[in-house]
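Structure assessment
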Amino acid sequence: MFGRRGLTAEERADAEEVQRLTHAWDRACQGAGLVREVSTVTGPTVLVPEITFVHLGPPDRLTVRLQPGMVPADVQAAASRIAPHMGAYGLRVEPRGIGQWVIVTLLYSDPLAETQPFPLVSGDTVLLGTDESGQEVTQTPTDLGHIAVQGATGSGKSAFLYALLSQLAQRPEVEITGVDPSGILLRPFSGAMLGLGEPGVIADYLSRLVAGMDKRITSIPLDRDYLPDADGLLFVVLEEYPGLLRYLDAADPKIGKRVRGYVARLLAEGRKAGIRVVLVAQRAEASVIGSTERGQCSTRITFRVDNHDAVKLLHPDVDQDTAAAHASALPGIALLSSPGRPLTRVRAPWIGGYGEYVQRIGSAA
Ligand SMILES: Nc1ncnc2c1ncn2[C@@H]1O[C@H](COP(=O)(O)OP(=O)(O)O)[C@@H](O)[C@H]1O
Ligand SMILES: [Mg+2]
């Protein structure tokens, strides 16, 4: 029953498992370049972040002391290269203390693989998604700023917009409008432009929004440089914006140009006037959503896109591995950049289908 050193078979197995994990960690960190090089009398040597404690789970958790000069983000950046060599799908890296330590949890499956139920809306914030550690990612409607959403067909853009708009619609200060070529997303909102109608009518509609914005700007109180939220927050959704511009350009390039001008003004000046633009595209093509427009969108969300240059367009700070892996993301999984937080992989909330969306908007009205 008891082994040589008084250990039970189970304890021996655990000790072996700890040793296996520690060994795999050392090799994986070296392979991933997560090392500090120092010179010693016997020549240069590499040091990896040191495992000081192993909690055997599931989930298995490693307490790791970083090498001087390393930050938790360095471990996060190497995670996708370390994980497979530890037999894991991914790593969750959480800072501990003042940044000298991290807790690394080995994830044996994608924590975002499950559909994320939609919680009751409460408080001052809207839910954008749930991150890999199960934390809700929220934002106040004001701080959302302008929003850019991209993703291939079937990647989860509409489902995300259903969740976003149905939360916003609950709020008394928020109004929702926009242009929707398919006529589906914005159908519950009276006043939105549905379908691809007369190009001139679409341009006139946007010109009225710009005129409304100009009027709102003149009503900004003298002691402020923005319109208080209480005076209303208008979300202008431009569904399939590149497609809209292509349609307008083909019909009359002058109208396409007018519309670009109006949207540029809404983006540049809308924020202080309580106007938020939501740009939706299958791909945030540089020729359609230029760098100025992208720069003005403080919330950017990318569902699956085929090519990782498209990820980089909206998230210039994305690392190569994350961008490449995102080409096969499940519907509803997105990369999110929002003010004050590093690029985060999230699962967007799922409110149910279109019927549920229409019902929620109806009950908010
Ligand atoms: N957040 C999500 N959670 C679970 N399933 C989702 C989610 N988002 C999308 N899906 C699934 O993917 C399908 C396509 O999503 P949809 O939003 O219509 O894509 P898109 O608008 O990008 O074409 C949905 O019908 C649903 O089955
Ligand atoms: Mg859609």
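The model shown is predicted, which means the values in this text are computed figures rather than measured ones. (Residues numbered from 1 in each chain as written. Chains lettered and ligands numbered in written order. Predicted model: local features only at pLDDT ≥ 70, side-chain atom pairs only at ≥ 80, totals over all residues. Heavy atoms only, no water.)

Helix α2 (residues 72-82) packs onto helix α1 (residues 9-32) with a crossing angle of 110 degrees between their chain directions and a minimal axis gap of 9 Å. One way to sum up the angle between α1 and α2 is to call them roughly perpendicular. Here α1 contributes Trp-25, Ala-28, Cys-29 and Ala-32 to the contact with α2, which in turn contributes Val-75, Ala-78, Arg-81 and Ile-82. (Axes fitted to C-alpha atoms, helices over the stretch in contact; angles between N-to-C directions. Helix = DSSP H or I, 4+ residues; strand = E, 2+ residues; numbered from the N terminus. Parallel < 35°, antiparallel > 145°, perpendicular 65-115°, else oblique. Contact = heavy atoms within 4.5 Å.)

Another point: the environment of Gly-243. Along the polypeptide, Gly-243 turns up in helix α6 (residues 241-251). Classification of Gly-243 by relative accessible area gives partly exposed; the value is 22%. (Buried < 20%, exposed > 50% of the residue type's maximum accessible area, 1.4 Å probe, protein only.)

Assigned domains within the chain: domain 1 (9-107) and domain 2 (126-364). Once you take the C-alpha centre of each, domain 1 and domain 2 turn out to be 40 Å apart. Taken together, the contact pairs four residues of domain 1 with four residues of domain 2. Together, the buried faces of domain 1 and domain 2 total about 390 Å²; carbon and sulfur atoms form 36% of this surface. On the domain 1 side of the interface with domain 2, the three residues burying the most area are Ser-80, Tyr-89 and Arg-92, jointly 57% of the side's total. Our count for the domain 1 to domain 2 interface comes out at one salt bridge. Among the salt bridges present, the one from Asp-321 reaches Arg-81, with a minimum N-O distance of 2.9 Å. (Domains from an automatic or database assignment. Buried area = accessible area lost by both parts, 1.4 Å probe. Salt bridge = Lys/Arg side-chain N within 4 Å of Asp/Glu carboxyl O.)

The next point concerns helix α5 (residues 199-218). Here α5 contains 20 residues, and its C-alpha end-to-end distance of 29 Å stays within 8% of the 28 Å for a straight helix at 1.5 Å per residue. Of all the residues in α5, the buried ones are Pro-199, Gly-200, Ile-202, Ala-203, Tyr-205, Leu-206, Leu-209, Val-210 and Met-213. If you follow the buried residues of α5, they end up packed against β10 (174-180), β11 (193-194), β12 (233-238), α6, α7 (253-269) and β13 (275-281). (Expected span 1.5 Å × (residues − 1).)

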